[in-house]
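Summary of the model geometry
Given next are the chains, with one letter for each unit.
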Amino acid sequence: MSYRIGLVGKPSVGKSTFFNAATMNDVPEGAYPFTTIDPSVGEAYVRVDCAAPEFDETCTPSVGVCRDGTRFVPVELVDVAGLVPGAHEGRGLGNQFLTDLNETDVLVHVVDFSGTTDIEGEATEGHDPREDIDFLEEELDEWYLDVLEKGIEKFETRYHGADAAIEIELAEQMSAFGISKDEMKQVILAEGLALDPDAWDDADRASLAREIRKRTKPMVVAANKMDTPEARANWETITADPDYDHLSFVPASAHAEKALKNADEAGVVEYTAGDDAFEIVGDVSDEQEAGLERIREHVATFDGTGVQHALEAAVFDVLGCIAVFPGTASGTRDDNKGVFRDCFILPEGATTEEFAFHIHSDIGEGLLHGTDCRSGRQVGTGHELAHRDVIELVSTKQAAP
């Protein structure tokens, strides 16, 4: 099971271009609302330094690819349609938008930093991108608050005057967001609130809903159209604004990434996703060369087009995930099926046992211990794994064929 990144943004900001650039799919792109109606799902990739060279091996990936020692590991990218003001009240695609959104692990919010689309996605000039950032967070906060209020109402109806735990009721009500009762209790106390909803005023409830949202639906802002001077000016202002310290920002040009990948496929340039440089190797017209040189300036300034960086910021920085390679004690082969065939993305803090169950329940059920293939040291079932670990799993059971 791969992680699911939800791609969100108001109409006409380049969200579908970003999706196509990341997945090389062909979903409709257009400068009008709801170009995308149903969510499109594609395979994108995050980069991991391959472990194979450390063992003098050349990997044979079962999924994804490896280029010059960089492993491209698949993740799912979901182009979620329907973000307009009032979505939590059913406006636009409303409830469908929220349902699709909730099936993702982390969000990448594509924002037009050039300020050339208004809050409805219509062409304009001088629009403040902060309005777009704010309205997505406000829509999500209102959605979370609605669900929270229902949980409080149920608690008060069922347990009024009784000895009951509010965190249990709220965790059950908000279970779709992936929050446990222990996490719910932690959030309530971290907000400085008593475990008694009768003591919460409207501001307390709104603040609690916002904090739950921030913890369960983390977000990266892809500052799109950064190849324009207007976007760069907005970048300097917005990223220096302390009101947005809780968000991660990545400068991006989805148009540049799509153009480079198309040119690479056509044999015009040599380019690998995420690189901060490319080489023109084919015949191009003067106009094409001028366009590529503008892209070259962007990728040199921002260490790439930003599309790949935004995906990786979402998975590794915001979610805190790690990549782990299965291997044998020699660190070379995975069950003699190939050389470093697999690389798995796991949650932060994953243990040897959780790694085993992630691969197959049979391996997990029979797990004895793991072996760190770099050091040869045995590690226990509860050992917490680190990014790019190579681990042999020693189990009494083999995975079912």
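In the nomenclature of an unreviewed UniProt entry, the chain corresponds to Redox-regulated ATPase YchF from the organism Halorubrum tibetense.

1. Here's the deal with the side chain of R205
Looking at the secondary structure, you find R205 in helix α6 (residues 202-216). Accessibility expressed as a relative area gives 14% for R205, which makes it buried. Non-local contacts of R205, meaning those with residues more than four positions away in its chain, are made with L145, L148, E149, I152, E156, P197 and W200.

2. With respect to the pairing of strand β5 (residues 106-112)
Regular strands place side chains that alternate from one sheet face to the opposite one. Here β5 lies mainly inside the structure; 7 of its 7 residues are buried. Alternating residues of β5 divide into V106, V108, V110 and D112 and L107, H109 and V111, and every residue in both groups is buried. One ladder, built from 6 bridges, connects β5 with strand β6 (residues 219-224); its direction is parallel. By the bridge assignment, L107 is partnered in β6 with M219.

3. Quick notes on helix α1 (residues 15-23)
For α1, the tally of buried residues reaches 9 of 9 residues, placing the bulk of the element in the interior. Among all positions in α1, only K15, S16, T17, F18, F19, N20, A21, A22 and T23 are buried. Where α1 ends, the next residue or the one after it, M24, has phi of about 55 degrees, a positive value.

4. Re the environment of D49
When you line up the elements, D49 lands in strand β2 (residues 40-49). Look past the residues within four positions of D49 in its chain and what remains in contact with it is G69, F325 and R388.

5. Section: a negative patch on the surface
On the surface, a cluster of negative charge is contributed by D68, D275, D276 and D303. Considering the arrangement of structural elements, one finds D303 in the loop between α9 (286-302) and α10 (307-318). For D303, a relative accessible area of 42% gives the class partly exposed.

6. Some remarks on the packing of aromatic side chains
Within this structure, the stated rule accounts for 9 aromatic pairs. Summarising the aromatic geometry, the rings of W143 and Y144 are spaced 5.6 Å apart at their centres and angled 85 degrees between planes, so their arrangement reads as edge-to-face. Residue classification places Y144 among the buried residues on the basis of a relative accessible area of 0%. Pairing W235 with F249 gives two aromatic rings, centres 6.4 Å apart and planes at 85 degrees, and the pair type is edge-to-face. One end of the pair, W235, is in helix α7 (residues 229-239); the other, F249, is in strand β7 (residues 248-251), and 14 residues separate them in sequence.

7. Looking at the packing of helix α8 (residues 254-265) against α9
Orientation of α8 relative to α9, taken along the N-to-C sense of each, is 120 degrees, at an axis distance of 10 Å. The orientation of α8 with respect to α9, classified from their angle, is oblique. The handedness of the crossing between α8 and α9 is left-handed. Across the interface between the two elements, A256, A259 and L260 of α8 pack against L292, I295 and V299 of α9.

8. Digging into the confidence of the model for the chain
Per-residue pLDDT for the chain has a mean of 89; in total, 88% of the residues score no lower than 70. In the model, residues 27-37 has pLDDT below 50 throughout and makes 32 contacts with residues more than four positions away in sequence or in other chains. In this model, residues 331-335 is a region of pLDDT below 50 whose contacts with residues beyond four sequence positions or in other chains number 17 contacts.

9. Describing the sheet that holds strand β14 (residues 389-395)
Within the open sheet, the 5 strands sit side by side as β11-β10-β14-β12-β13. Their pairing is mixed. The open sheet is flanked by β11 (344-346) and β13 (378-379), the only strands paired with a single partner. Packed onto the sheet, helix α11 (residues 352-359) meets β10 (322-326), β11, β12 (367-372), β13 and β14 and runs at close to 130 degrees relative to β11.

Thresholds, definitions, all that
- Residues numbered from 1 in each chain as written.
- Predicted model: local features only at pLDDT ≥ 70, side-chain atom pairs only at ≥ 80, totals over all residues.
- Heavy atoms only, no water.
- Helix = DSSP H or I, 4+ residues; strand = E, 2+ residues; numbered from the N terminus.
- Buried < 20%, exposed > 50% of the residue type's maximum accessible area, 1.4 Å probe, protein only.
- Contact = heavy atoms within 4.5 Å.
- Pairing = 2+ DSSP bridges.
- Patch = residues over 30% accessible without salt bridge, like charges linked within 9 Å, V, L, I, M, F, W, Y side chains within 5 Å.
- Areas by Shrake-Rupley, 256 points an atom, 1.4 Å probe, with all protein chains shown as cover.
- Salt bridge = Lys/Arg side-chain N within 4 Å of Asp/Glu carboxyl O.
- Lys, Arg positive; Asp, Glu negative; His and termini not counted.
- Charge placed at Lys NZ, Arg CZ, Asp CG, Glu CD.
- Phe/Tyr/Trp six-rings, centres within 6.5 Å; stacked < 30°, edge-to-face > 60°.
- Axes fitted to C-alpha atoms, helices over the stretch in contact; angles between N-to-C directions.
- Parallel < 35°, antiparallel > 145°, perpendicular 65-115°, else oblique.
- Left-handed = near helix turned anticlockwise from the far one by under 90°.
- pLDDT = per-residue confidence, 0-100.

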